[in-house]
Amino acid sequence: ERIYTALILGYGAYTLGRIGMKIIPSLVDSLVDRKINHDLERSVNEYKRKWKELNSPVLWKYAFFIALFNGVLYYALYFIGLETTTPGNAAIITQFEVFTSFLFFHVFRGEKISLDYKIGGVLAVIGAGIVLGRDFSGINPGDFFVLAATIGAPAGNLFQQKARQIASSEVIMFLRSA
């Protein structure tokens, strides 16, 4: 029953987002979307009684950077980019996050990544290049904002990994949505 409720809420938020993008500016649409997401995450934490995990001061330090990189900067840059690019281009460019995560965690941080993930990262970049190059009509200004959002996301994911060692995934998702 909870799964059906979540699916209905998720589909409703998606539908409102699609309609909203035609009527209201994308940043306003983003704020409404974030509010719906935040309320849903708060409800999950209320139901599971996870609030005591928020007592850790270290968790709040990580939460600040998670919210900054994966909340504020990512969504602000992404929705600003949507104003001057196509949704298709934005969706394909965000697939580049697989590659930027690979670079950030494997090359710069020295984490071990399996061959399957390495191949997946390369294939994601090749696939994005094929899809974008097929009907390429030029680079839109918004493409750079979406790319900047995608490049910054792995930094937020690093803080999320650290926070996950302290708190549950429900609390982390709540903090991400704040």
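Q: So what about the packing of aromatic side chains? Which residues, and what values?
A: Each aromatic ring pair is specified by the distance between its two centres and by the angle formed by the two planes. Per the stated rule, a full pass over the model turns up eight aromatic pairs. Ring centres 4.7 Å apart and planes at 20° place the aromatic pair phenylalanine 65 and phenylalanine 159 in the stacked group. Residue phenylalanine 65 is located in helix H3 (residues 57-82), and its partner phenylalanine 159 is located in helix H7 (residues 141-164); the two are separated by 94 residues in the primary sequence. For phenylalanine 65, a relative accessible area of 28% translates into the label partly exposed. Geometrically, the ring pair formed by tyrosine 74 and tyrosine 75 is edge-to-face, given 5.2 Å between the ring centres and 85° between the ring planes. In this structure tyrosine 75 comes out as partly exposed when scored by relative accessible area, which is 23%. An aromatic cluster is present here, built from Tyr62, Phe64, Phe65, Phe69 and Phe159 joined pairwise through their rings.

Q: Could you give an account of the packing of helix H4 (residues 87-94) against H7, with specific residues and numbers?
A: Interaxial distance between H4 and H7 falls to 9 Å at its minimum, and their mutual angle equals 25°. Judged by the angle between their axes, H4 and H7 are roughly parallel. Remark: the crossing between H4 and H7 carries right-handed chirality. Between H4 and H7, the contacting residues are Asn89, Ala90, Ile93 and Thr94 on the first element and Asp143, Val146, Leu147 and Thr150 on the second. For the contact of H4 with H7, a count of residues per class yields four nonpolar, three polar and one charged.

Q: Lay out the confidence of the model for the protein in plain terms, naming residues and giving numbers.
A: Mean pLDDT over the protein stands at 77; residues scoring 70 or higher make up 80%. Here helix H1 (residues 2-23) is the element of the protein with the lowest mean pLDDT, 62, and H7 is the one with the highest, 87.

Q: Give a description of the environment of valine 131 that names residues and reports values.
A: Locating valine 131 in the fold gives a position in helix H6 (residues 115-134). Measuring from C-alpha to C-alpha, the distance between valine 131 and isoleucine 92 comes to 7.5 Å, with 39 residues separating the pair along the chain.

Q: Describe the side chain of asparagine 70, and please don't skip the residues or the numbers.
A: Considering the arrangement of structural elements, one finds asparagine 70 in helix H3. Its relative accessible area of 4% is what places asparagine 70 among the buried residues. Here the side chain of asparagine 70 touches asparagine 157 through a polar contact of 3.0 Å, side chain to side chain. Other than its neighbours up to four places away in sequence, asparagine 70 contacts Phe65, Tyr75, Ala153, Gly156, Asn157, Gln160 and Arg176.

Q: Can you explain the nonpolar core? Please cite residues and give values.
A: Listed in full, the 12 residues of the largest apolar core are Leu54, Leu59, Tyr62, Ala63, Ile66, Phe159, Ala163, Ala167, Val171, Ile172, Phe174 and Leu175. Counting residues per element, the ones that place at least two in this core are H3, H7 and helix H8 (169-177). Listed in part, the nine residues of the second largest apolar core include Tyr74, Tyr78, Ile93 and Ala153.

Q: If you had to explain the packing of H3 against H7 to someone new, which residues and values would you point to?
A: Contact geometry for H3 and H7: axes closest at 8 Å, N-to-C directions at 165°. As judged from the angle between their axes, H3 and H7 are roughly antiparallel. The interaxial crossing formed by H3 with H7 has left-handed handedness. For the contact of H3 with H7, a count of residues per class yields 17 nonpolar, eight polar and one charged.

The rules behind the values
Residues numbered from 1 in each chain as written. Predicted model: local features only at pLDDT ≥ 70, side-chain atom pairs only at ≥ 80, totals over all residues. Heavy atoms only, no water. Phe/Tyr/Trp six-rings, centres within 6.5 Å; stacked < 30°, edge-to-face > 60°. Helix = DSSP H or I, 4+ residues; strand = E, 2+ residues; numbered from the N terminus. Buried < 20%, exposed > 50% of the residue type's maximum accessible area, 1.4 Å probe, protein only. Axes fitted to C-alpha atoms, helices over the stretch in contact; angles between N-to-C directions. Parallel < 35°, antiparallel > 145°, perpendicular 65-115°, else oblique. Left-handed = near helix turned anticlockwise from the far one by under 90°. Contact = heavy atoms within 4.5 Å. Nonpolar A, V, L, I, M, F, W, Y, C, P; charged D, E, K, R; others polar. pLDDT = per-residue confidence, 0-100. Polar contact = N/O pair within 3.5 Å; in protein donor to acceptor, adjacent residues only side chain to side chain. Core = buried A, V, L, I, M, F, W, Y, C linked by side-chain atoms within 4.5 Å.

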